[in-house]
Structures are given as structure tokens and as C-alpha cells.
Amino acid sequence: MAPSAVETETTTVPNIGNLKLNATTGPYKEIATTKFDKDAEAGLKGHKAAKYPHYLPTWNPNDKYPPLQPFEHYEHGKDADPSFPNLLPESTAVTHLTPTIGTEVKGIQLSTLSDAGKDELARFVAERKVVAFRDQDFRDLSIEQALEFGGYFGRHHIHPTSGAPEGYPEIHLVHRGAGDNSVDKFFANRTSSVAWHSDVSYEAQPPGTTFLYIFDKPESGGDTLFVNAAEAYNRLSPAFQERLHGLKATHSAHEQANASALRGGIVRREPVIHEHPIIRTHPVTGEKAIYVNPQFTRDIVGLKKEESDVLLKFLYDHLAYGADFQARVKWEEGTVVVWDNRVTQHSALIDWKNAQRRHLARLTPQAERPFETPYKG
């Protein structure tokens, strides 16, 4: 299992210091919550109780962590048998949602995979970009077991601002409590909840193989959109592809930290800014993918603002409008969705209006520092 990001927990960082609490949050679209009604989650006030209360979020303002340190990531997908005999035996049912992205799998339990099966999982997800595994027992594992499973794929990331189960900061929780109508305030000023991003791309070593599993969901709605950033690259003209190679963009955590602080949330770690190649190469498949997103990318290194803005807007629009290389994943009971953050972007959808609970947990193993291989026409 990869080293833990909490091993240096004894070191504390200063308070949010250089964050300007009266600053705007820039283009970052904040739709996460920082509190919930405990009575409603307990089954009072006419709501059903949360099915997995030990996974309810906590936000401890005293949890402070030092800057993340570099680590040597081992990519297990390189060791996989590309015929996937341990992941996809003949008894499994495999349904591709679209030709280039998205697959549903039934008949295999992720929790029982051997190391060879986990290696194949990493490669299969890299190839299919996002895979929904149905009828899983993953949510019924202990949190320790879930973390042990996820740790095979990389060092667990501790999110700087999200809620986490008490005592387990490595678990990132997506939670909108029963009776929560706070999204009405969001839509008073915004027309859409769509916020395309690759998770925490501002880190020096952003996530690779990523896991999200569900506990409670609204009767309808709350789907997740995914886009194939490798196919988006393939759609560009050779001349445009070649021009993008060699360019880097900055990815910033400051706007997310500001948004959390302004809303009374937490900031566990001083925000960072890192530069990454605009065109990123996957270490297993060798595919090249567009690696900028409107949530965290801020500018292109070496270009003037107007030049950077117009190029980034084109890339954002290209990804967002690419319905022919996107997939929409519908959540079902017992679903675990696995995707590769290096070659995809995604967005949650807040489209249900009955204030029903939506509760999920994410394992976010970090991977290698993004790298680029030379353009080959």
C-alpha cells in the first residue's frame, strides 16, 4: 500500500494566513455543503435516516496538515494482463455505454479482487475512462478495509476543504443532507450546477484511479457526467495538437480554499499552485489527453492574459460540448464508480428539487506528477 498522507500529521500549519477572506472566489463554482441537519439525518423531521451514519461528514477546524511531499508512485496498470481474466471472467456482464467512454460491469465483487485483478482494474479503467460496477458490497466494508483497498492504487489524498468521517480524513465525502434546500441560493445567481473538473488537479501529484461509492441517493437525479479528455485531444487538428504541446498551465487551490473559508468551512492545508502540461500522457496506455479544467486551471504559462483566456475557453468549451465523447452515469444502490482522473473530467449534477439526501464517499489515490511526451504527427 502507498504511504499515507497523514504520516506527518504532528506538524501543524499556520492559520489560513494569506487567504483573503473578502476576496471573490474567482471562476471556482462552489456547490459543496459545510453542515447538515443532524435530526434529519437521524431520521427525524419526516425524513428517512441516513443508511450509513458512520460515513456522515465532520469538519474539524483544528485538523491541520503540512504541505504534501513528493512520493514515488508505482502504476499497477502496467502489470495488468490486457485480456483481464481476473477482473472480467466469463461470468461477468459488460455493457459499454458509448464507444469511447463508459462501461457497466455486473458479476464481479471489487472487494474480493486479487492483486492481479486490481492491476487489471487500473488498466481497464484507463482504457474505458469510467466504469460503473453494480451490485457491490463495498459500502459495507469497514472504513479501514476500504482504505486498504484504495491504498493499493496510490497514496491517499486528504482533501483540504471537504467533510470526512470522524477519524478518517482520507475519505472525501459528497453529502447533501435530507431537507437541504441551500442549493436554491446557488441557483439564484447561477443557471447550471455543471462544473467540469479533474479532481484536485492543483496538487503536484494529482489523482489517478479514483473510486466513488454511494450510500443514499434521490429517487431521480444526481447523475454524474464524464468526458473523455483523450478523445477530446484526438478530435483536434494535427496543427492544433502540435501547438498545444510544450505549453503548461497553472492549477490553483486558492479559490477553493477561499470559498470554504468564506462559507465557514475548513482549510486543512495551505493552498498551492502547480504547473502541469496542457497535454498529459497516460503512463499505461500512452494516450495523450487535454489536462486543463475551469475549476482549477488559471492561466497558460508564458502567454498574455488575453491569449491565455481565449485558448483556455476554447479547450473548456470543446470538452463541455463534446456530447459524442461523454457518458452520463446513473447511480444505483450498491454502485461503485471507478474513473481515471488523468484522462477524464467530470461534473456532479444537482437537478433534484425534493431535498432528498445524496451521500457518497470517494477514495482518491494520488498518482505520478503529470508528464508530457513529444508530439508525433
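Residues numbered from 1 in each chain as written. Predicted model: local features only at pLDDT ≥ 70, side-chain atom pairs only at ≥ 80, totals over all residues. Heavy atoms only, no water.

Asks: Tell me about the layout of surface pockets, and name the residues and values.
Replies: To locate leftover empty space, one rolls a probe as large as a water molecule over the atoms. Approximately 600 Å³ is the volume attributed to the largest pocket. Taken together, 25 residues line the largest pocket, and the ones lying closest to its centre are E30, A32, S182, K185 and R263. Counting only elements with at least two residues in the lining of the largest pocket, the list comes to α4 (183-187) and α7 (254-262). The biggest single contributor to the lining of the largest pocket is α4, with three residues. Its residues placed into classes, the lining of the largest pocket shows nine nonpolar, seven polar and nine charged. (1 Å grid on protein atoms, 1.4 Å probe; cavity = no way out; pocket = protein on both sides within 12 Å on 5 of 7 lines; lining within 4 Å. Points joined across faces, edges and corners; volume = space filled by probe spheres on them. Helix = DSSP H or I, 4+ residues; strand = E, 2+ residues; numbered from the N terminus. Nonpolar A, V, L, I, M, F, W, Y, C, P; charged D, E, K, R; others polar.)

Asks: How would you summarise the packing of aromatic side chains if you had to cite specific residues and measurements?
Replies: Per the stated rule, a full pass over the model turns up 16 aromatic pairs. Judged by centre distance (5.9 Å) and plane angle (85 degrees), the ring pair of Y55 and Y213 falls under edge-to-face. Of this pair, Y55 sits in the loop between α1 (38-41) and β1 (93-96) while Y213 sits in strand β5 (residues 209-216), and the two are 158 residues apart along the sequence. Pair check on accessibility: Y55 and Y213 agree, each one buried. By way of ring pairs, the aromatic residues Y52, Y55, F138, F149, Y152, F153, F211, Y213 and F215 are connected into one cluster. Between the NZ or CZ atom of K118 and the centre of the ring of Y152, over which it lies, the distance is 5.1 Å. Against the face of Y291 rests R280, its NZ or CZ located 4.7 Å from the ring centre. (Phe/Tyr/Trp six-rings, centres within 6.5 Å; stacked < 30°, edge-to-face > 60°. Buried < 20%, exposed > 50% of the residue type's maximum accessible area, 1.4 Å probe, protein only. Lys NZ or Arg CZ within 6 Å of the ring centre and 35° of its normal.)

Asks: Describe the nonpolar core, listing the residues and the values that go with them.
Replies: Counting 32 residues, the largest nonpolar core has Y55, L121, F133, I171 and Y213 as the members making the most contacts within it. The contact partners of Y55, leaving out residues within four places of it in the chain, are R139, I143, A146, P165, I171, L173, Y213, F215, H359 and A361. One finds L244, I278, I279 and F325 within the second-largest nonpolar core, a separate group that totals 25 residues. (Core = buried A, V, L, I, M, F, W, Y, C linked by side-chain atoms within 4.5 Å. Contact = heavy atoms within 4.5 Å.)

Asks: Let's hear about the pattern of salt bridges: which residues, and what values?
Replies: The final tally for this structure, using the stated rule, is 25 salt bridges. As a salt-bridge pair, R176 and D180 come within 3.9 Å of each other at their nearest N and O atoms. The same class applies to R176 and to D180, which are both buried. Residue R362 is joined to D199 by a salt bridge in which the shortest nitrogen-to-oxygen separation is 3.0 Å. Residue R362 is found in strand β15 (residues 358-363), and its partner D199 is found in the loop between α4 and β5; the two are separated by 163 residues along the sequence. By relative accessible area, R362 is classed as buried at 7%. The network of salt bridges with shared partners includes E75, R280, D340, R342 and E368. (Salt bridge = Lys/Arg side-chain N within 4 Å of Asp/Glu carboxyl O.)

Asks: Any chance you could break down the UniProt feature "domain: TauD/TfdA-like" (unreviewed entry) in the protein for me, citing the residues and the numbers?
Replies: Under the feature "domain: TauD/TfdA-like" (unreviewed entry), the UniProt entry names residues 94-364. Summarising residues 94-364: 24% helix, 25% strand, and an end-to-end C-alpha distance of 25 Å. (UniProt positions renumbered as here; feature names shortened; annotations may be inferred.)

Asks: I'd like a rundown of empty space enclosed by the protein, residues and numbers included.
Replies: One pass over the structure, following the stated rule, counts four cavities of 30 Å³ or more. What the largest cavity holds in volume is close to 740 Å³. I31, A32, H172, V174 and H197 are the residues nearest the centre of the largest cavity, which is lined by 38 residues in total. Sorting the residues of the lining of the largest cavity by element identifies β4 (172-176), α7, β14 (344-348) and β15 as the ones contributing at least two each. Considering each element in turn, the lining of the largest cavity owes the most residues, five residues, to β4. Among the residues forming the lining of the largest cavity, the class breakdown is 15 nonpolar, 16 polar and seven charged.

Asks: How would you summarise the side chain of H156 if you had to cite specific residues and measurements?
Replies: Note on placement: H156 falls in the loop between α3 (143-151) and β4. At 3.2 Å, the side chain of H156 forms a polar contact with the backbone nitrogen of G151. (Polar contact = N/O pair within 3.5 Å; in protein donor to acceptor, adjacent residues only side chain to side chain.)

Asks: Now, about the pairing of strand β7 (residues 248-252): what can you tell me, with residues and values included?
Replies: Residues in a regular strand point their side chains to alternate faces of the sheet. In terms of residue burial, β7 counts as a mostly covered element, since four of its five residues are buried. The pairing of β7 with strand β11 (residues 297-300) spans three bridges and is classified as antiparallel. Each residue of the ladder has a partner; that of A249, found in β11, is I300. (Pairing = 2+ DSSP bridges.)

Asks: Go over the sheet that holds β7 with me, naming the residues and quoting the values.
Replies: The strand order across the open sheet formed by three strands is β8-β7-β11, and the pairing between neighbours is antiparallel. Looking at the sheet topology across the chains shown, the edges are occupied by β8 (273-277) and β11. Direction aside, the axes of adjacent strands within the sheet are offset by 30 degrees on average. (Axes fitted to C-alpha atoms, helices over the stretch in contact; angles between N-to-C directions.)

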